[in-house]
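Observations on the model geometry
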Amino acid sequence: MTETTETTTAAAAARTVLISGASVAGPALAYWLRRHGFVPTVVERAETVREGGYAVDFRGEALDVLDRMGLLERIRELDTEMGDAAMVDAEGRQYATLPAVVFAGDLEVLKGDLTKMLYEATRDDVEYVFGDSIATLEEDEHGVRVTFERGAPRRFDLVVGADGLHSRTRALAFGPEQQFVRHLGIYTAVFSLDNYLGLKNTGRLYAAPGRAANIFTARADAEARAAFHFAAEDVEYDRHDLAGQRRLIAERFSEDGWEIPRLLHEMAQATDFFFDANAQVEMDTWSRGRVVLLGDAGYCAGPTSGRGTSQALIGAYVLAGELAASDGDHSTAFAAYEREMRGYVTEHQALGREGAERFFMPAPTQEILDMLAAQAPENTRTTPVLLRDYAAPPQPTPAEGTL
Ligand SMILES: Cc1cc2nc3c(=O)[nH]c(=O)nc-3n(C[C@H](O)[C@H](O)[C@H](O)COP(=O)(O)OP(=O)(O)OC[C@H]3O[C@@H](n4cnc5c(N)ncnc54)[C@H](O)[C@@H]3O)c2cc1C
């Protein structure tokens, strides 16, 4: 097959950008790059956009970014509007109430709903390639030659890794994952199931030493999501062996009461089972030459921070804005992107580590939970990111048929 040449001339500023990953960070970056006049292409390993999934919450300026994208009202319509949840013991007795403000942030949506919304806001103007992955990257002074697992090789001015905690882009450009990924000592499994308990906009949380499980309703109580968590240092397992991962969970929870046996049964049937270590990505720099990392790929703060989605959205806004402000001079733009984001990420990673340390605290009393709720606004407020106005052309109205 003929190699496609998409790089602009050597002297010209960067314009074509390959983004690896179509979850939160990737499509959000594609949106802003288009608005600034760049030509992004997104390659996603999955065959389609992943819908549904677990719930993620937003904090602070991420809502501002969604507003600037004209998506805030739509995302508000997707809010899970989760109410307070009950803590239960092994006999199913409710011994305390966890106020929603502690776990649902300023706004909570299913992650896949957010991804779908971002994809739909960009697909008419952005090339998406599903079911493929970058295989190799070869940089020269004019751009990056990229080979793919399935498609023909192509050239781009820049490459962005928005491919998550286990980023292939990071491995290719910076080195093996072990150099950058720090485990937080928690393993988590998440899956969908029927709302068989008949809960109404709420959840149940179960805690035992070193273990926790929960079930929350989703999609206006038509469905539910459940999670298992256990504490452990490095556990050996095959990331592609889902049956083995299910066995790991079943062994850890084999003695537990409450609804655990039923949840284990539901987990065995679930088609969207997800399992991973809670981890952070720590890097001295997020760019190398013409390759730059965005979102979890570059600076994952871990699920216990509750900030990953916000970081992905804000990072996308800043990275695209800095590329526009430097007129595509990637060295200047990448340095500015890092300057803008570094302090914010450092704070969130500290929150993620603190959250992980508290995660398996002994069954909390109502007094402690009320104290957490009272402090919640305090906890959710980190140093605000000053969202610069990068002077993108005004957002076209839907009637104009573009973004
Ligand atoms: C259980 C759980 C609960 C969480 N709860 C919250 C929460 O409440 N609030 C919050 O803010 N954050 C939460 N997070 C974190 C949040 O999900 C992430 O921070 C956020 O999704 C990061 O977005 P991203 O686009 O950077 O990466 P990801 O969402 O990880 O997306 C990476 C994308 O890249 C794709 N990909 C991977 N490899 C390749 C490849 N080789 N080629 C092409 N594509 C590839 C993947 O398929 C995926 O689509 C939670 C995470 C977990 C696991």
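Bear in mind the structure is a predicted one, so any value in this text is a computation, not a measurement.

This part covers the overall build of the chain. Looking only at helices and strands, the chain has 12 helices and 18 strands in total. Here the chain has a C-alpha radius of gyration of 21 Å; the compact-globule value for 403 residues is 22 Å, and the two agree. Taking the principal axes of the C-alpha coordinates as reference, the chain spans close to 70 × 40 × 40 Å. By the burial criterion, 53% of the 403 residues in the chain qualify as buried. Contacts spanning at least 24 positions in sequence make up 71% of the contacts within the chain whose residues lie at least 6 apart. Carbon together with sulfur atoms contributes 49% to the accessible area of the chain, which is approximately 17,800 Å² in total. Positive and negative side-chain charges of the chain, numbering 39 and 63 respectively, have mean locations separated by a distance of 2 Å.

This part covers helix α2 (residues 61-68). For α2, the set of buried residues is Glu61, Ala62, Leu63, Val65 and Leu66. In this fold, the buried residues of α2 make contact with α1 (25-35), β3 (55-58), α3 (72-77), β6 (107-110), α5 (111-120) and α10 (308-325). A positive backbone phi angle near 75 degrees is found at Gly70, which sits one or two residues after α2.

Attention now moves to the side chain of Gln280. Assignment of secondary structure puts Gln280 in strand β16 (residues 274-281). Side-chain polar atoms of Gln280 contact the backbone oxygen of Ala301, separated by 2.9 Å. Those residues in contact with Gln280 that sit more than four places away from it in its chain are Phe180, Val181, Arg182, Leu184, Cys300, Ala301, Gly302, Gln349, Gly352 and Arg353.

Right, let's talk about the site of the ligand for a bit. Neighbouring residues of the ligand: 31 residues in total, closest Ser23, Glu44, Asp57, Lys111 and Asp296. In this structure, Val24 approaches the ligand through a main-chain N or O atom, which is 3.1 Å from an oxygen atom. In isolation the ligand exposes 1,000 Å². Once the protein is present, 89% of that is buried. For the shell around the ligand, the per-class residue count stands at 12 nonpolar, nine polar and 10 charged.

Moving on, we get to the confidence of the model for the chain. Averaged over all residues, the pLDDT of the chain is 91; the fraction at 70 or higher stands at 92%. A low-confidence stretch, residues 1-11 stays under pLDDT 50, and its non-local contacts, those more than four residues away or across chains, total 23 contacts.

By volume, the second largest pocket is sized at about 290 Å³. Residue lining of the second largest pocket: 16 residues in total, with His166, Glu177, Val181, His183 and Arg239 positioned closest to the centre. Of all elements in the fold, only β12 (181-194) and β16 reach the threshold of two or more residues within the lining of the second largest pocket. If one sorts the elements of the lining of the second largest pocket by residue count, β12 sits on top with four residues. Partitioned by chemical class, the residues of the lining of the second largest pocket number seven nonpolar, three polar and six charged.

Turning our eyes to something else, we now look at the nonpolar core. Formed by 79 residues in total, the largest nonpolar core has its most connected members in Phe58 and Leu66. Of all the elements, α10 adds the most residues to this core, at nine residues. When sequence neighbours within four positions are dropped, the list of residues in contact with Leu66 reads Phe58, Leu71, Leu72, Ile75, Met117 and Leu313. Formed by 28 residues, the second largest nonpolar core is a distinct cluster that contains Val88, Ala189, Ala226 and Leu264.

Counted by the stated rule, this structure contains 18 salt bridges. A salt bridge links Asp89 to Arg93, with the shortest nitrogen-to-oxygen separation between them at 3.3 Å. A residue is classified by how much of its surface remains accessible, and Arg93, at 52% relative accessible area, is exposed. Here the salt bridges do not stand alone but share partners, grouping Asp113, Arg219, Glu223 and Arg225 into one network.

Given 3.6 residues per turn, any residue in an α-helix points the same way as the ones three and four places further on. Every buried residue belonging to helix α8 (residues 260-269) is among Ile260, Leu263, Leu264, Glu266 and Met267, and all of these are buried. For α8, the angular spread of buried residues about the axis comes to 160 degrees, placing them on one side. Against β12, β13 (203-208), β14 (211-218), β15 (223-231) and α7 (242-252) lie the buried residues of α8.

By the element assignment, Val318 lies in helix α10. Between the alpha carbons of Val318 and Ala333 there is a distance of 9.4 Å; along the sequence they are 15 residues apart. In contact with Val318, not counting residues within four places along its chain, are Tyr337, Glu340, Met341 and Tyr390.

With that settled, consider the packing of aromatic side chains. Applying the stated criterion across every chain, the model contains 20 aromatic pairs. Positioned above the aromatic ring of Tyr196, the side-chain terminus of Arg262 is 3.9 Å from the ring centre.

Bringing the sheet that holds strand β7 (residues 127-130) into the picture now. Read from one edge of the open sheet, six strands run β7-β2-β1-β11-β18-β17, paired in mixed fashion. With one partner strand each, in any of the chains shown, β7 and β17 (287-288) form the two edges of the open sheet. Inspection of the sheet shows strand β1 (residues 16-20) paired to strand β11 (residues 158-161) by four bridges, in the parallel sense. Looking at the pairing, Val17 lines up with Leu158 of β11.

Next up on the list: the packing of α10 against helix α11 (residues 330-358). Where α10 contacts α11, the axes come no closer than 8 Å and their chain directions differ by 155 degrees. Judged by the angle between their axes, α10 and α11 are roughly antiparallel. In terms of crossing hand, the pair formed by α10 and α11 is right-handed. Contacts between α10 and α11 involve Ser310, Gln311, Ile314, Gly315, Val318, Leu319, Glu322 and Leu323 from the first element and His330, Ala333, Phe334, Ala336, Tyr337, Glu340, Met341, Tyr344, Val345 and His348 from the second. Residues that form the contact of α10 with α11 fall into these classes: 11 nonpolar, five polar and two charged.

Definitions and limits used
Residues numbered from 1 in each chain as written. Predicted model: local features only at pLDDT ≥ 70, side-chain atom pairs only at ≥ 80, totals over all residues. Heavy atoms only, no water. Helix = DSSP H or I, 4+ residues; strand = E, 2+ residues; numbered from the N terminus. Rg over C-alpha atoms; globule rule 2.2 N^0.38 Å. Buried < 20%, exposed > 50% of the residue type's maximum accessible area, 1.4 Å probe, protein only. Contact = heavy atoms within 4.5 Å. Areas by Shrake-Rupley, 256 points an atom, 1.4 Å probe, with all protein chains shown as cover. Lys, Arg positive; Asp, Glu negative; His and termini not counted. Charge placed at Lys NZ, Arg CZ, Asp CG, Glu CD. Polar contact = N/O pair within 3.5 Å; in protein donor to acceptor, adjacent residues only side chain to side chain. Near = heavy atom within 4 Å. Nonpolar A, V, L, I, M, F, W, Y, C, P; charged D, E, K, R; others polar. pLDDT = per-residue confidence, 0-100. 1 Å grid on protein atoms, 1.4 Å probe; cavity = no way out; pocket = protein on both sides within 12 Å on 5 of 7 lines; lining within 4 Å. Points joined across faces, edges and corners; volume = space filled by probe spheres on them. Core = buried A, V, L, I, M, F, W, Y, C linked by side-chain atoms within 4.5 Å. Salt bridge = Lys/Arg side-chain N within 4 Å of Asp/Glu carboxyl O. Arc of directions from axis to C-beta. Phe/Tyr/Trp six-rings, centres within 6.5 Å; stacked < 30°, edge-to-face > 60°. Lys NZ or Arg CZ within 6 Å of the ring centre and 35° of its normal. Pairing = 2+ DSSP bridges. Axes fitted to C-alpha atoms, helices over the stretch in contact; angles between N-to-C directions. Parallel < 35°, antiparallel > 145°, perpendicular 65-115°, else oblique. Left-handed = near helix turned anticlockwise from the far one by under 90°.

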